[in-house]
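Chain residues, written in single-letter form:
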Amino acid sequence: SECEYVPRGVLNTLKNKVINGINFTVFSTGGAATGNTYSNTILHYLKDSTCYEIVTTIHESSDGNTPEALPKINEQKAIFNKQLDQILSTFKFSG
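In this convention, every chain numbers its residues from 1, walking through the sequence in written order. It should be noted that, the model being predicted, local features are given only for residues of pLDDT at least 70 and side-chain atom pairs only at 80 or more, the latter also being counted only at that level, while totals for whole chains, interfaces and linings use all residues. In computing side-chain values, all of the structure's heavy atoms are included and hydrogens and water are not.

A. Structural context of the pairing of strand 2 (residues 22–33). Here nine bridges tie strand 2 to strand 3 (residues 36–47), and the two strands are oriented antiparallel to one another. Counted as the bridge partner of Thr29 is Asn40 from strand 3. Where strand 2 folds back onto strand 3 in an antiparallel hairpin, the turn is made up of two residues, including Thr34, whose phi is positive at roughly 45°. What makes two strands pair is DSSP finding at least two bridges between them. Secondary structure follows DSSP: runs of H or I at least 4 residues long count as helices, runs of E at least 2 residues long count as strands, and numbering of each begins at the N terminus.

B. A look at the packing of aromatic side chains. Only rings of Phe, Tyr and Trp enter the pairing, Trp through its six-membered ring, and a pair is recorded when the two centres are within 6.5 Å. The plane angle decides the type: under 30 degrees is stacked, over 60 is edge-to-face, the rest tilted. Using the criterion set out here, one finds five aromatic pairs in the structure. Plain terms: the ring middles of Phe24 and Tyr45 are 5.6 Å apart, the flat faces sit at 50° to each other, and that makes the pair tilted. One end of the pair, Phe24, is in strand 2; the other, Tyr45, is in strand 3, with 21 residues separating them in the sequence. Note on exposure labels: buried denotes an accessible area under 20% of the residue type's maximum, exposed denotes more than 50%, and partly exposed covers the range between, all computed with a 1.4 Å probe on protein chains only. By relative accessible area, which is 1% here, Phe24 ends up buried. Of the residues examined, Tyr45 reaches a relative accessible area of 21% and is grouped as partly exposed.

C. The arrangement of the nonpolar core in detail. Here the nonpolar core consists of buried residues drawn from Ala, Val, Leu, Ile, Met, Phe, Trp, Tyr and Cys, with membership extended through side-chain atoms lying within 4.5 Å. Counting residues in hydrophobic clusters, the biggest one holds eight residues: Ile19, Ile22, Phe24, Val26, Leu43, Ile54, Leu84 and Leu88. Taken together, the elements giving at least two residues each to this core come down to strand 2 and helix 1 (70–88). With three residues, strand 2 is the largest single contributor of residues to this core.

Now the structure itself:
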């Protein structure tokens, strides 16, 4: 199905994640260039022959390339992911 494809640039399939009773397949991607890094989380779910995709992207500037900045960046990512999980927990299909 369309929902079974692995998105381009996928680093790994993280896991299946149940959100509000819906079992999503979760992938991660990322990359870096000229002092910038990107990390993406991609969630797929197939319902009634339609593939639903939720994508988040985190962009980090050159501060992410310095070792002393990593603890703060990792803390911010953890906060973001917790907030995202709270938002996603409200996701549901209607009708």
